[in-house]
Amino acid sequence: MLKSCTQCGKIFEDLLDKYSLCPNCRQDEETLLRKVKDYLWTNPGTTEAKLWEMFGVSHKQIMKWLRDQRIEVTPGSAIKLTCQRCGSMITTGKYCKDCNTKIANNLHELQAALMPREERNLFSMVIDKNITEGSMHFLQNRKDSKPHKESQ
Ligand SMILES: [Zn+2]
Ligand SMILES: [Zn+2]
């Protein structure tokens, strides 16, 4: 599918629908991420303000990397990352271990629960189609029903 890059606005093709950035900006982001990672490696416990000062990395960008599990919060860091489900402290990603497990289970249940409903929708669509065709038939039959009615 075609998308516009959230960074530079350029239109790019994203076949798997997994990126929000164009290849160029993605490249830039990777380069930046590598630099930030190097910096974090040699300067553990750095602050967001420092990252902004050094690399012009915004809070939004840092949070994105954390949620995407590209970087981790070091113990005692000023950056607080919490589980989006239960609010407990985590170092990377969106959810804590417990919630990840629960979500994986729920997803399974959800998929199972959704399955029959999708089938039902499909079924009702088929029924609707038949009704339309049936009523069209009916109308057509009615139009020339009189001459045939006696003979049947
Ligand atoms: Zn771009
Ligand atoms: Zn949690």
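Note that the coordinates shown come from a computational prediction; the quantities given were computed from them, not determined experimentally. (Residues numbered from 1 in each chain as written. Chains lettered and ligands numbered in written order. Predicted model: local features only at pLDDT ≥ 70, side-chain atom pairs only at ≥ 80, totals over all residues. Heavy atoms only, no water.)

1. Observations regarding the packing of helix α1 (residues 23-42) against helix α2 (residues 48-55)
Next up, step 1: In contact at an axis separation of 11 Å, α1 and α2 are set at 130 degrees when each is read in the N-to-C sense. Between α1 and α2, the angle falls in the class oblique. Handedness of the crossing formed by α1 with α2: right-handed. When α1 is examined against α2, the residues Leu32, Lys35, Val36, Tyr39 and Leu40 are found in contact with a partner set consisting of Lys50, Leu51, Met54 and Phe55.
Next up, step 2: A per-class count over the contact of α1 with α2 returns 7 nonpolar, no polar and 2 charged. (Axes fitted to C-alpha atoms, helices over the stretch in contact; angles between N-to-C directions. Helix = DSSP H or I, 4+ residues; strand = E, 2+ residues; numbered from the N terminus. Parallel < 35°, antiparallel > 145°, perpendicular 65-115°, else oblique. Left-handed = near helix turned anticlockwise from the far one by under 90°. Contact = heavy atoms within 4.5 Å. Nonpolar A, V, L, I, M, F, W, Y, C, P; charged D, E, K, R; others polar.)

2. Here we look at the side chain of glutamate 29
Next up, step 1: On the secondary structure map, glutamate 29 appears in helix α1.
Next up, step 2: Among the polar contacts made by the side chain of glutamate 29, one reaches the side chain of glutamine 61 at a distance of 3.1 Å.
Next up, step 3: Of the polar contacts made by the side chain of glutamate 29, one reaches the side chain of lysine 64; its length is 3.2 Å.
Next up, step 4: When near neighbours in sequence (up to four residues on either side) are disregarded, glutamate 29 contacts Leu21, Gln61, Lys64 and Trp65. (Polar contact = N/O pair within 3.5 Å; in protein donor to acceptor, adjacent residues only side chain to side chain.)

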